[in-house]
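Summary of the model geometry
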Amino acid sequence: MISVDADPGTFTFDPATTALLIIDMQRDFCEPGGFGETLGNDVSLLRSVIPPLQEVLRTARALGMTVIHTREGHVPDLSDCPPAKLNRGEPSLRIGDPGPKGRILVRGEYGHDIIDELRPEPGELVIDKPGKGSFHGTTFGAELRSRGITSLIVAGVTTEVCVHTTVREANDRGYECLVLSDCTGSYFPEFHRVALEMVVAQGGIFGWVAPSSALLTALTREAVA
């Protein structure tokens, strides 16, 4: 078992039953010209998570841990995108509209895919999800069960939306979650801060939070043990 210095207390996990979950590090969210920018957001705020997350990903792969990526997006006819989502707000481009990176948040389009810096390796599971949570409308839960996963180390974007929704879903299903504070990000720094505080409130109501340095220190100890 590996122990990580975390808030509100030590997070303990077995690498054999733990997955590194990287949520929605997609071009449509993290690069100029994608959906995030059409909503008026500064995508550079999300890109700050890339360097620390690259280091975590390299270390997890070297230790043979399960790595899972998710992508939010919809089938080309948008039949899995409810009007309440499609018509939300007043972006310059809506889901399904042609954009600089192909149709916005449509599966198979260039913008829907994961950024090159965190590209999945062969054999790593990629979950395509139509909603904000990773469990809704997907095989994610079944994939975790088939692999014997009981704990999740969670990274990705955005902290207060898809990351938080997934952690809440996972908590309700009995999974223990460690959220990496510098490997998650938001277009709104205050939302990021408060979302992390919500995870650890009341003794860890949804899970644990730690910087990637604490996880890497623990994993390095394991590698040399």
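Above this note sits the structure.
In what follows, the accompanying structure is described.

**So, the packing of aromatic side chains**
- Applying the stated rule across the entire model yields five aromatic pairs.
- Each ring, one from F135 and one from F140, has its centre 4.8 Å from the other, and the planes form 65°; the classification is edge-to-face. The same class applies to F135 and to F140, which are both buried.
- The interplanar angle of 40° and the centroid separation of 4.8 Å between the aromatic rings of F188 and F191 together place this pair among those described as tilted.
- For F188, a relative accessible area of 39% translates into the label partly exposed.

**What about the pattern of salt bridges?**
- Summed over all chains, the structure comprises 15 salt bridges.
- The shortest N-O distance in the salt bridge between E31 and K101 comes to 3.1 Å. Separated by 70 residues along the polypeptide, E31 in the loop between helix 1 (27–30) and helix 2 (35–38) and K101 in the loop between strand 5 (98–99) and strand 6 (102–103) bring together distant segments of the chain. Per residue, the accessibility class of E31 equals that of K101, and both read buried.

**Considering the nonpolar core**
- Counting 42 residues, the largest nonpolar core has V4, F13, M25, I153 and L215 as the members making the most contacts within it.
- Taken together, the elements giving at least two residues each to this core come down to strand 1 (2–4), strand 2 (11–13), strand 3 (18–23), helix 1, helix 4 (50–62), strand 8 (151–157), strand 9 (176–185) and helix 9 (212–224).
- The residues touching I153, leaving out its near neighbours within four places in the chain, are F13, T18, A19, L20, L21, M65, L178, L180 and L215.
- Ranked by size, the runner-up nonpolar core spans 24 residues in total, among them V167, V179, F206 and V209.

**Observations concerning the environment of L86**
- By the element assignment, L86 lies in helix 5 (residues 83–86).
- Classification of L86 by relative accessible area gives partly exposed; the value is 24%.
- The sequence separation of L86 and W208 amounts to 122 residues, and the corresponding C-alpha distance is 33 Å.
- With residues near it in sequence (within four places) discarded, L86 still touches L78, C81, R94 and I95.

Quick notes on the rules
Residues numbered from 1 in each chain as written. Predicted model: local features only at pLDDT ≥ 70, side-chain atom pairs only at ≥ 80, totals over all residues. Heavy atoms only, no water. Phe/Tyr/Trp six-rings, centres within 6.5 Å; stacked < 30°, edge-to-face > 60°. Buried < 20%, exposed > 50% of the residue type's maximum accessible area, 1.4 Å probe, protein only. Salt bridge = Lys/Arg side-chain N within 4 Å of Asp/Glu carboxyl O. Helix = DSSP H or I, 4+ residues; strand = E, 2+ residues; numbered from the N terminus. Core = buried A, V, L, I, M, F, W, Y, C linked by side-chain atoms within 4.5 Å. Contact = heavy atoms within 4.5 Å.

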